Structure formats: structure tokens, C-alpha cells
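# Architecture and fold: a report
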Amino acid sequence: LLEAQPLLTKALTSFTGFTLGDIIAQNFVNQDGQAYDPMRTLRLGSFGFLIHGTTGHYFYGFLDSKLPGTKPQTVASKVLIDQTIWNPIFG
């Protein structure tokens, strides 16, 4: 599926991660006594599907087109760019 439909695959992967992450957070991590909020989960899942997964597809595709390869210096440059540009927005 990743090869056939990469954008959809990444959007669905991000949707799954955001949705499951919020379900886990609300039920097991947050011990604030509040009831489970399904609308919060829907909002986060939607954000993952519509924004995070799709923009990540284009951001990393652009990054790989400008810095191709896997040499240590190239990978270090990609990590630096990722951590200073992408992560502050979506991390």
C-alpha cells in the first residue's frame, strides 16, 4: 500500500497513531478524573489524517529530494533540519 498510495498510507498511519495515542492518554496516562472525551479523540485523529500525515509526506519528500543519500553527514543534516523545523511545529 505504501508504494501504491504513499500519501493515503501516511495519512492513515498518522491517523492511527494520533487516535490510539489519545485513547491511551485519556484512559491510562491522564489521571485527572475526567470522563473520556471522544470528540477530543476525533479532533486529534482528524489532525493526524488531514494535516500531520499529509504535510509530513511532502516535507520529507522535499527533504529527501534536496539531500539524497544515507551518508552519515547527509543523515545528520536531515536530522538537524527535522529537529529544528519539523519538530517544533508538530513534535
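Residues numbered from 1 in each chain as written. Predicted model: local features only at pLDDT ≥ 70, side-chain atom pairs only at ≥ 80, totals over all residues. Heavy atoms only, no water.

## A short note on the packing of helix H2 (residues 38–66) against helix H3 (residues 72–90)
Relative to each other, H2 and H3 sit at 160°, their axes nearing to 12 Å. Classified by the interaxial angle, the pair formed by H2 and H3 is roughly antiparallel. Helix-helix and strand crossings are classified by hand; for H2 and H3 the assignment is right-handed. Only Lys-78, Ile-81, Asp-82, Ile-85, Trp-86 and Phe-90 of H3 make contact with H2, whose side of the interface consists of Phe-47, Ile-51, His-52, Thr-55, Gly-56, Phe-59, Tyr-60, Leu-63 and Asp-64. Looking at the contact of H2 with H3, its residues break down into nine nonpolar, three polar and three charged. (Axes fitted to C-alpha atoms, helices over the stretch in contact; angles between N-to-C directions. Helix = DSSP H or I, 4+ residues; strand = E, 2+ residues; numbered from the N terminus. Parallel < 35°, antiparallel > 145°, perpendicular 65-115°, else oblique. Left-handed = near helix turned anticlockwise from the far one by under 90°. Contact = heavy atoms within 4.5 Å. Nonpolar A, V, L, I, M, F, W, Y, C, P; charged D, E, K, R; others polar.)

## Focus on helix H1 (residues 6–29)
With 24 residues, H1 should reach 34 Å at 1.5 Å per residue; the first-to-last C-alpha distance of 32 Å fits that figure. Burial in H1 covers these residues: Thr-9, Ala-11, Ser-14, Thr-19, Asp-22, Ala-25 and Gln-26. Buried-residue contacts for H1 involve H2. (Expected span 1.5 Å × (residues − 1). Buried < 20%, exposed > 50% of the residue type's maximum accessible area, 1.4 Å probe, protein only.)

## With respect to the packing of H1 against H2
At a closest axis distance of 7 Å, the pairing of H1 and H2 adopts a crossing angle of 145°. Relative to H2, H1 is oriented so that their crossing is right-handed. A per-class count over the contact of H1 with H2 returns 13 nonpolar, 11 polar and three charged.

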